[in-house]
Amino acid sequence: VRFSTILFYLPLALLFDPPVFIIFRQFNLVYQFWIHTEFIGKLGWLEYVLNTPSQHRVHHGRAKYCIDKNFGGMTCIFDRLFGT
């Protein structure tokens, strides 16, 4: 387990009841699986709010226009505001 992961989840584990924390972790796991799939195309209006699989592919891209793009974990609001 990476140190940054522990730093992020330790306060959550201490602040929330164990069932709430476990449900959050499970939701995050499902979301990570969903965002890394290649079977889902564009999602219409959700592309303007959520970080979708089609946007997340840019995050893993190697082309020059993909470098330093898509920083949002769950939403893309700040990526849209700052042009990343």
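Refer to the preceding data block for the structure.
Quantities reported herein were computed from a predicted structural model and do not represent experimental measurements. (Residues numbered from 1 in each chain as written. Predicted model: local features only at pLDDT ≥ 70, side-chain atom pairs only at ≥ 80, totals over all residues. Heavy atoms only, no water.)

Colleague: Give a detailed account of helix H2 (residues 18–35), specifying residues and quantitative values.
Modeller: Given a rise of 1.5 Å per residue, 18 residues ought to cover 26 Å, and the 26 Å separating the end C-alpha atoms of H2 matches this to within 8%. Phe21, Asn28, Tyr31 and Ile35 are the residues of H2 that are buried. Relative to the axis of H2, the buried residues are bounded by an arc of 85° and lie together on one face. Exposed and oriented more than 90 degrees from the buried face of H2 are Pro18, Pro19, Ile23, Leu29, Val30 and Phe33. Those residues of H2 that are buried lie in contact with helix H1 (3–15) and helix H3 (53–59). (Helix = DSSP H or I, 4+ residues; strand = E, 2+ residues; numbered from the N terminus. Expected span 1.5 Å × (residues − 1). Buried < 20%, exposed > 50% of the residue type's maximum accessible area, 1.4 Å probe, protein only. Arc of directions from axis to C-beta. Contact = heavy atoms within 4.5 Å.)

Colleague: Just give me the short version of the side chain of Gln55, but keep the residues and values in it.
Modeller: Looking at the element boundaries, Gln55 is found in helix H3. For Gln55, a relative accessible area of 13% gives the class buried.

Colleague: Could you give me a rundown of the side chain of His56, with the residues and numbers involved?
Modeller: Among the structural elements, His56 can be located in helix H3. Judged by relative accessible area, His56 falls into the buried class, the value being 10%. In terms of polar contacts, His56 uses its side chain to reach the side chain of His36, at 3.1 Å. Not counting residues up to four positions away in its chain, the partners in contact with His56 are Ile35, His36, Asn51 and Asn70. (Polar contact = N/O pair within 3.5 Å; in protein donor to acceptor, adjacent residues only side chain to side chain.)

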